[in-house]
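A structural walkthrough
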Amino acid sequence: MTEDDAALAERLLGSRLEIRGRLASASNLTCLVSLEGGGAAVYKPVSGTRPLHDFDTSTLAAREVAAYLLSEAGGWHVVPVTVLREGPLGPGSVQWWVDTEGPPGEGLVEVASAEEVPEGWLPVLRGEDELGTPVVVAHADRPDLAGVAVLDVLLNNADRKAAHLLLDPADRLWACDHGLCLHEHDKLRTVLWGWHGRPVPAQDLQRLRRVRAALAAGEPLRRDLEELVGAEEVRALTGRVTGLLARPVMPDPPAGRYPLPWPIW
């Protein structure tokens, strides 16, 4: 965490939160809040989560924070500063708001006609539009987006939708919505399958090594993650890091279950 991020985390933890509205597209209660002294954040109260069959909904806010800590520990720096705190509707996660110039996912994941996939983009899904015209869902082949795909393997992200990927006005990539992460069983569902079978990029191997070192027994990150998500999930996380470093190849979509989030955006 940089000095600026540390200061921002203190603001998120200590500022009074004023609810400005609800993000209607979110599946769980997600509030846009103003921070005392200026700025905005996304507040997800634990009380507003819907029941799930495979995740304890009381842990989703903590998983958001855990994803931020892992992004920072490895050096991806793609998850906005996220803290766990009491809010107007009870405890929940509070994440710094990222301003964007276009809709979420724009310029990163697109639908194109089957004959017009942009050069340098990687196809993920083929289908038909409402008129029966063949279309392709594809994503950009950007190093920072590939880094998010590697981080998602590490996180075992069960819900990497296109709308969870943001470009700010400086073209910096951000990734949000990590409540469905770090399950001990294989749950990876993502729109970023385009790199499957390719070697893990060298810069991401370095990041994975940093995470492996930070997960050693007694290290602060390991203690923090065990407190947030539990020892079983951290053991599974350590196994994923070790496995990806031993065989540094991006995984293929699983054959025995649905590999995409729903909806895709």
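For the structure itself, look to the data block above.
The sections below set out a description of the structure shown in this document. (Residues numbered from 1 in each chain as written. Predicted model: local features only at pLDDT ≥ 70, side-chain atom pairs only at ≥ 80, totals over all residues. Heavy atoms only, no water.)

Section: the overall build of the protein chain
In plain terms, the rule: Here a strand is any run of E in DSSP of at least two residues, a helix any run of H or I of at least four, and the numbering for each starts at the N terminus. Values of the radius of gyration come from C-alpha atoms, whereas the globule rule sets the reference at 2.2 Å times the count of residues to the power 0.38. In this scheme, a residue with accessible area under 20% of its type's maximum is buried, one over 50% is exposed, and one in between is partly exposed, where area comes from a 1.4 Å probe on protein chains only. Contacts are residue-level and defined by heavy atoms, with any inter-residue pair within 4.5 Å sufficient. Counting rule for charge: Lys and Arg are taken as positive, Asp and Glu as negative, and neither His nor the chain ends is counted. To locate a charge, the coordinates of NZ of Lys, CZ of Arg, CG of Asp or CD of Glu are taken.
In terms of regular secondary structure, the protein chain is built from 6 helices and 10 strands. Computed over its C-alpha atoms, the radius of gyration of the protein chain comes to 18 Å, within 12% of the 18 Å expected for a compact globule of 265 residues. If one aligns the C-alpha atoms of the protein chain with their principal axes, the spans along those axes are about 50 × 40 × 40 Å. Per-residue burial for the protein chain yields a buried fraction of 51% across its 265 residues. Across the protein chain, contacts joining residues at least 24 apart in sequence account for 66% of those joining residues at least 6 apart. Separation between the mean location of the 26 positive side-chain charges and that of the 38 negative ones in the protein chain comes to 5 Å.

With respect to helix H4 (residues 202-214)
So the rule is basically this: Take the number of residues in a helix, subtract one, and multiply by 1.5 Å to get its expected span.
The first and last C-alpha atoms of H4 sit 19 Å apart over 13 residues, in line with the 18 Å expected at 1.5 Å per residue. Among all positions of H4, only Asp 204, Leu 205, Arg 207, Leu 208, Val 211 and Ala 214 are buried. For H4, the elements touching its buried residues are helix H2 (60-74), helix H3 (143-155), helix H5 (220-229) and helix H6 (231-246).

A short note on the packing of H3 against H4
A packed helix pair is summarised by two numbers, namely the angle formed by the two axes and the spacing between the axes. Heads up, the rule is: Helix axes use the C-alpha atoms of the stretch in contact, all axes being lines fitted to C-alpha atoms, and the angles between their N-to-C directions lie in the range 0 to 180 degrees. Definitions for this section: a left-handed crossing has its near helix turned counterclockwise from the far helix by less than a right angle. A right-handed crossing has that turn clockwise. Here the term charged refers only to Asp, Glu, Lys and Arg, the term nonpolar to Ala, Val, Leu, Ile, Met, Phe, Trp, Tyr, Cys and Pro, and the term polar to all other amino acids, Gly among them.
For the pair H3 and H4, interaxial distance at closest approach is 10 Å and the crossing angle is 35 degrees. Crossing hand, H3 versus H4: right-handed. Together, Pro 143, Ala 146, Gly 147, Val 150 and Leu 154 of H3 and Gln 203, Asp 204, Arg 207, Leu 208 and Val 211 of H4 make up the contact between the two elements. Looking at the contact of H3 with H4 residue by residue, the class counts come to 6 nonpolar, 2 polar and 2 charged.

Focus on the side chain of Lys 44
Within the fold, Lys 44 resides in strand S3 (residues 40-45). According to the relative accessible area criterion, Lys 44 is buried, its value standing at 17%. Apart from the residues lying within four places of it in its own chain, the contact partners of Lys 44 are Leu 29, Thr 30, Ala 61, Glu 64, Gly 92, Ser 93 and Asp 177.

Section: the side chain of Arg 160
Stated formally: Side-chain atoms alone can form a polar contact between residues adjacent in sequence; in general such a contact is a pair of N or O atoms within 3.5 Å, and within protein one must be able to donate a hydrogen while the other accepts it.
Here Arg 160 shows up in the loop between H3 and strand S9 (165-167). You can call Arg 160 buried: its relative accessible area is 0%. Within the structure, Arg 160 has its side chain in polar contact with the backbone oxygen of Cys 176 (distance 3.3 Å).

Quick look at the pattern of salt bridges
Note the following rule: We count a salt bridge whenever a side-chain nitrogen from Lys or Arg sits within 4 Å of a carboxyl oxygen from Asp or Glu.
Under the counting rule described, the total for this entry stands at 13 salt bridges. A salt bridge links Arg 142 to Asp 144; the shortest N-O distance between them is 2.7 Å. When the shortest N-O distance is used, the salt bridge between Arg 235 and Glu 232 registers 2.4 Å. One end of the pair, Arg 235, and the other, Glu 232, are both in helix H6, 3 residues apart, so they sit about a helical turn from each other. Among the residues examined, Arg 235 registers a relative accessible area of 45% and is labelled partly exposed. According to the relative accessible area criterion, Glu 232 is partly exposed, its value standing at 45%. Within this structure, Lys 44, Glu 64 and Asp 177 form a network of salt bridges that share partners.

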